[in-house]
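# Examination of the molecular architecture
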Amino acid sequence: MSFSVARSATALKATSLTGRKVESKQTMKAMPVRATKTVSEFNVLKMAQNAGKTAAAAFAATALVAGGANALTYNELQNLTYLQVKGTGIANTCPVIESAGTALKLKSGDYKFEKFCMEPTSFTVKEESAFKGGDDEFVPTKLMTRLTYTLDEMSGTIKVDGAGGLTWTELDGIDYAATTVQLPGGERVPFLFTVKEFVGKGNLNQFGGDFTVPSYRGSTFLDPKGRGGSTGYDTAVALPAAGDSVELERENNKSMKALKGSAVFNVAKWDASTGEVAGVFESIQPSDTDLGAKTPKDVKVTGLWYAQIE
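Quick caveat, the model's predicted, so the values are computed rather than measured. (Residues numbered from 1 in each chain as written. Predicted model: local features only at pLDDT ≥ 70, side-chain atom pairs only at ≥ 80, totals over all residues. Heavy atoms only, no water.)

### Some details on the pairing of strand β12 (residues 206–213)
With 7 of its 8 residues buried, β12 lies for the most part within the structure. As paired strands, strand β11 (residues 196–202) and β12 are joined by 5 bridges and run antiparallel to one another. Considered in β12, the bridge of G200 is made with G209. Hairpin geometry of β11 and β12 is characterised by an intervening segment of 3 residues between the two adjacent antiparallel strands. For β12 and strand β13 (residues 259–271), the ladder comprises 8 bridges, and the chain directions are antiparallel. Bridging across to β13, D210 finds its partner in S262. (Buried < 20%, exposed > 50% of the residue type's maximum accessible area, 1.4 Å probe, protein only. Helix = DSSP H or I, 4+ residues; strand = E, 2+ residues; numbered from the N terminus. Pairing = 2+ DSSP bridges.)

### Focus on the pattern of salt bridges
Counted according to the given criterion, the structure contains 10 salt bridges. Of the charged contacts in the structure, one is a salt bridge between K115 and E153, with a shortest N-O distance of 3.2 Å. Linking K115 in strand β4 (residues 109–127) with E153 in strand β7 (residues 151–160), this pair joins segments that are 38 residues apart in sequence. Judged by its relative accessible area of 41%, E153 is partly exposed. Ionic pairing is found between R217 and D288, a salt bridge with its closest N-O pair at 3.4 Å. On the criterion of sequence distance, the pair formed by R217 in the loop between β12 and α5 (249–252) and D288 in the loop between β14 (276–286) and β15 (298–309) is long-range, its members being 71 residues apart. Judged by relative accessible area, which is 25%, R217 ranks as partly exposed. Connected through shared salt-bridge partners, D223, R227, E251 and K254 make up one network. (Salt bridge = Lys/Arg side-chain N within 4 Å of Asp/Glu carboxyl O.)

### Concerning the packing of aromatic side chains
The relative placement of two aromatic rings is captured by the distance of their centres and the angle of their planes. Taken as a whole and judged by the stated rule, the model has 15 aromatic pairs. Plain terms: the ring middles of F113 and F116 are 5.4 Å apart, the flat faces sit at 85 degrees to each other, and that makes the pair edge-to-face. When the ring of F193 is compared with that of F281, the centres are 6.4 Å apart and the planes differ by 20 degrees; the resulting orientation is stacked. Of this pair, F193 sits in strand β10 (residues 188–194) while F281 sits in strand β14, placing them 88 residues apart in sequence. Take F193: its relative accessible area is 0%, and that puts it in the buried class. These aromatic residues form a ring-pair network of at least three members: F113, F116, W168, F193, F198, F207, F265, F281 and W305. The cationic tip of R217 hangs over the ring face of F221; the distance from NZ or CZ to the ring centre is 4.4 Å. (Phe/Tyr/Trp six-rings, centres within 6.5 Å; stacked < 30°, edge-to-face > 60°. Lys NZ or Arg CZ within 6 Å of the ring centre and 35° of its normal.)

### Structural notes on unusual backbone geometry
Positive phi is not limited to glycine here, since E153 has a value of about 55 degrees. Non-glycine residue L291 carries a positive phi angle of around 55 degrees.

### What to know about the sheet that holds β10
Strand order in the open sheet made by the 3 strands is β6-β9-β10, with antiparallel pairing throughout. Edge strands, defined here as strands with exactly one partner in the open sheet, are β6 (142–143) and β10. Relative to strand β9 (residues 176–182), β6 runs antiparallel, the two being bridged by 2 bridges. Considered in β9, the bridge of K142 is made with Q182.

As structure tokens, then:
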């Protein structure tokens, strides 16, 4: 079963930048999402061009961000007490914009953004086709992590040039969250959901780019045989003579190398009076490599985002 979240019972759908459907937030109901692109094939410019050709994309995204009956604005969230938030899952949601809103309009210059929030609504993992000769595809998953996977309080800079081009740079904040999903066959896929050091380029309607995916575990982590990156044994204790064998090389030589992911953001609403902006996003990033011992899988994440521009 795939993972999808909704704030209300109303089924809202938004067309993503690639023309695929991003399912809205349904109450922990499984909703399959499929795609065919890997991280290396994730062409941001092409996706942005496809989005521009789809006139209904912005309208549908606006409907999604409008939220349901249980969606809360930024001011409403700030007025809640700790006890009102505790155990409700509200802390794992991004604010919404209830006003009518307009298209994003910024004059050329430098800006800052704060309260940047990304709330996933769907996780899928790329797997080999079950049929001989079939193409790899993203399969639905079951979320194993509790409601702690939303990125929040991120900040950074925005630069708008005279031609309307936009550069969105993420600098700081809670920009990673350890998350685990389970494939239909029972295999669990841990990954570090992140947009760390994201630099996106595009226009005021959509922008996309690459970001850094840090190692899921640090160099001091020890595997079941006591091997680690900066501490622990060099090889498995019971196999000292085979420590340099090719078969065990990846498991013995731990790697904390950072990988790359890509993301595209579609702007759906802009409130000029408050500086709030919101929309939908889609990212593809690698999963955990078990410190270099495993080949990472491609994980596709879709959801909502929110920020305040000043």
